[in-house]
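This is what each chain is made of:
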Amino acid sequence: MIHTFNKNNFREYCNRLAEKDIHLQAIIGQYGHPPMWQRPASFASLIHIILEQQVSLVSARAEAWRPYRSLATMLLWHHYIRTKGIEI
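Residues numbered from 1 in each chain as written. Predicted model: local features only at pLDDT ≥ 70, side-chain atom pairs only at ≥ 80, totals over all residues. Heavy atoms only, no water.

A. Spotlight on the side chain of S45. Along the chain, S45 turns up in helix α3 (residues 43-84). Given a relative accessible area of 10%, S45 falls into the buried group. Beyond its immediate chain neighbours, meaning those up to four positions away, S45 contacts R39 and P40. (Helix = DSSP H or I, 4+ residues; strand = E, 2+ residues; numbered from the N terminus. Buried < 20%, exposed > 50% of the residue type's maximum accessible area, 1.4 Å probe, protein only. Contact = heavy atoms within 4.5 Å.)

Structure below.
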């Protein structure tokens, strides 16, 4: 059986999920139910959703690597300064 949700049963389904996930339950308790976004049922909407997710993953990955890039830059400068005999 396929269950679909709409604006009439959206909160009910959110509550059912929250009963099974304490983190979601806490989020709904603190911030309320999420908005019910609607998109046309089309291939373009599917592509848009997939692209949003991929961009978010790429952004998250880039942010996760930022401290390592900073450390690598610092180590390279330290090496450069030492090899040139520069005193700080």
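B. Molecular detail of the pattern of salt bridges. Enumeration over the complete set of coordinates arrives at one salt bridge. E12 is the salt-bridge partner of R16, the closest N and O atoms lying 2.6 Å from each other. Placement of both R16 and E12 in helix α1 (residues 10-20) is noted, with a separation of four residues, approximately one turn of the helix. According to the relative accessible area criterion, R16 is partly exposed, its value standing at 41%. A residue is classified by how much of its surface remains accessible, and E12, at 40% relative accessible area, is partly exposed. (Salt bridge = Lys/Arg side-chain N within 4 Å of Asp/Glu carboxyl O.)

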